[in-house]
Amino acid sequence: MPALTSSLPVSSTTASAPPAAPAAPRPATPAVLASQDRTAELEQAIARDPGSFRVLTGDRPTGAIHLGHYFGSQCNRVRLQNAGVELLVLIADYQAITDRTAAADLPDIVIGLVADYLALGIDPDRATIFAHSQVEPLNQLLLPFLSLVSVAEISRNPTVKDEIAAAGSPTVSGLMFSYPVHQAADILSCRANLVPVGQDQLPHIELTRTIARRFNERYCPDAPYFPEPDGLLSSAPLLLGTDGTKMGKSRHNSIPLRATADETARLVSRAKTDSQRHISYEPHRRPEVANLVLLTALCRNTTPEAVAAQIGDGGAAALKAAAIEAINERFAGLRARRAALAADPGYLRTVLAEGNQRACEIAAGTLAAVREAMHQRY
Ligand code: ATP
Ligand code: MG
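I will try to describe carefully the structure that is included in this document. This one's a predicted model, so the numbers in the text were calculated from it and none came from an experiment.

1. Digging into the pattern of salt bridges
Point 1. Per the counting criterion, the structure on display carries 17 salt bridges.
Point 2. With its nearest N and O atoms 2.6 Å apart, the salt bridge here joins R79 to E43. Residue R79 is located in helix 2 (residues 67–82), and its partner E43 is located in helix 1 (residues 30–48); the two are separated by 36 residues in the primary sequence.
Point 3. Under the relative-accessibility criterion, E43 is labelled buried at 9%.
Point 4. Across the pair R54 and E86 runs a salt bridge, and its minimum N-O distance is 3.1 Å. Of this pair, R54 sits in strand 1 (residues 54–59) while E86 sits in strand 2 (residues 86–91), and the two are 32 residues apart along the sequence.

Following this line, the structure appears as structure tokens:
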């Protein structure tokens, strides 16, 4: 059984500069601050040796992808792929049925996500795009992994609590509750060691690390099999939606990437702001205003401070006008590419089928090694 080191070749002595410090629009928790520090170290290691990393990341097919996805995770995926890191992108279709029942919508949403990925710049010749339900060996990992965590540990997970609250349902399915364990199976099925995510996913990655560590300790202490993957944050680890809470597909507060220019204008116009006329960038004191300032800056590739200074006393109306213009300019090309790709669903299905096959091959190798380590070869 091949061993994969869990400690990545990270050193603080290299010359290459880490990316700009991420700016969170809410007071950052100690876990987020620690992950930001770790991200800076990882960026140096990636610059030195991109081939030592394998990325697994993904999305729930619960609706159209939005600006939070783009600046929180998608940008990093494409950048890492182009830097020579191996990239696997998962469409978590089992996780779409945890808190909603419209399974009949799944085929269109899933194929639409493939169109999004390709329009964003994910290259199917280099990257693997696959759907959860199509990779049987991946799903078999869920059972041994469930044995490695307690119900109390999952109950304490703040993201599980948030997602249960956001779903607004009086009952919680076993699948929804075990979401972070399923996510550990996704990541560890291909022994990924890097996961570009928004900050909401950090508690899940922590649990994946725990599961990897416990598996190694229990079943293969002399030759640890699973890496303990790291989350990689972007410069926008938590973008807010139009209502001032986390932008989310399921929260009716998002600005979809593929919205038309007019739809974008309508959505941004109703975004929550405050009554102060002078526009400043103060994420902790004025989170909603700061979020629009940050969004405009990200779209223009400039700093939030420069955007705030330019708008000055223009008030919320000028800020929203600037945000609308910046978003529409930034995404016009992507929207056109996506529309062209969506016109050829046959091609998109082929991309997904090839990705499913490759993910099956990788996960089958992992499952065989797991069975051997667990003495389940009869
Ligand atoms: P849902 O509401 O159905 O959970 P979502 O919008 O939260 O959807 P996910 O598919 O759960 O999207 O998340 C996909 C990826 O995008 C994850 O890495 C997540 O951390 C990141 N992400 C989602 N929303 C944001 C956001 N508002 N800011 C930054 N990153 C985000
Ligand atoms: Mg989510």
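2. As for the environment of E354
Point 1. As for its position among the elements, E354 is in helix 15 (residues 345–373).
Point 2. Taking the C-alpha atoms as reference, E354 lies 7.9 Å from T128; in sequence the two are 226 residues apart.

3. What about the site of ligand 1?
Point 1. If you check the shell around ligand 1, you find 22 residues, and the closest are T62, D200, K246, K249 and S250.
Point 2. Note that a nitrogen atom of ligand 1 is positioned 2.8 Å from one of the backbone N or O atoms of L239.
Point 3. K249 is positioned with one of its side-chain polar atoms (N or O) 2.7 Å from an oxygen atom of ligand 1.
Point 4. Burial of ligand 1 by the protein amounts to 97% of the accessible area it has alone, namely 600 Å².
Point 5. Counting only elements with at least two residues in the shell around ligand 1, the list comes to strand 1 and helix 2.
Point 6. Class assignment of the residues belonging to the shell around ligand 1 gives a composition of six nonpolar, eleven polar and five charged.

4. With respect to helix 12 (residues 287–300)
Point 1. Taking 1.5 Å per residue, 14 residues should reach 20 Å; helix 12 reaches 20 Å between its end C-alpha atoms and fits that length.
Point 2. Of the residues one or two after helix 12, N301 is the one with positive phi, at around 55°.

5. Looking at the packing of aromatic side chains
Point 1. Within the structure shown, the criterion is met by eight aromatic pairs.
Point 2. When the centroid spacing of 6.2 Å and the interplanar angle of 70° are considered together, the rings of F71 and F331 count as edge-to-face. Remark: F331 occurs in helix 14 (residues 315–342) and F71 occurs in helix 2; sequence separation between them is 260 residues. The same class applies to F71 and to F331, which are both buried.
Point 3. Ring geometry for F145 versus F226: centroids 5.7 Å apart, planes at 80°, classification edge-to-face. Residue F145 is located in helix 5 (residues 142–146), and its partner F226 is located in the loop between helix 10 (202–219) and strand 5 (230–232); the two are separated by 81 residues in the primary sequence.

What counts and what doesn't
Residues numbered from 1 in each chain as written. Chains lettered and ligands numbered in written order. Predicted model: local features only at pLDDT ≥ 70, side-chain atom pairs only at ≥ 80, totals over all residues. Heavy atoms only, no water. Salt bridge = Lys/Arg side-chain N within 4 Å of Asp/Glu carboxyl O. Helix = DSSP H or I, 4+ residues; strand = E, 2+ residues; numbered from the N terminus. Buried < 20%, exposed > 50% of the residue type's maximum accessible area, 1.4 Å probe, protein only. Near = heavy atom within 4 Å. Polar contact = N/O pair within 3.5 Å; in protein donor to acceptor, adjacent residues only side chain to side chain. Areas by Shrake-Rupley, 256 points an atom, 1.4 Å probe, with all protein chains shown as cover. Nonpolar A, V, L, I, M, F, W, Y, C, P; charged D, E, K, R; others polar. Expected span 1.5 Å × (residues − 1). Phe/Tyr/Trp six-rings, centres within 6.5 Å; stacked < 30°, edge-to-face > 60°.

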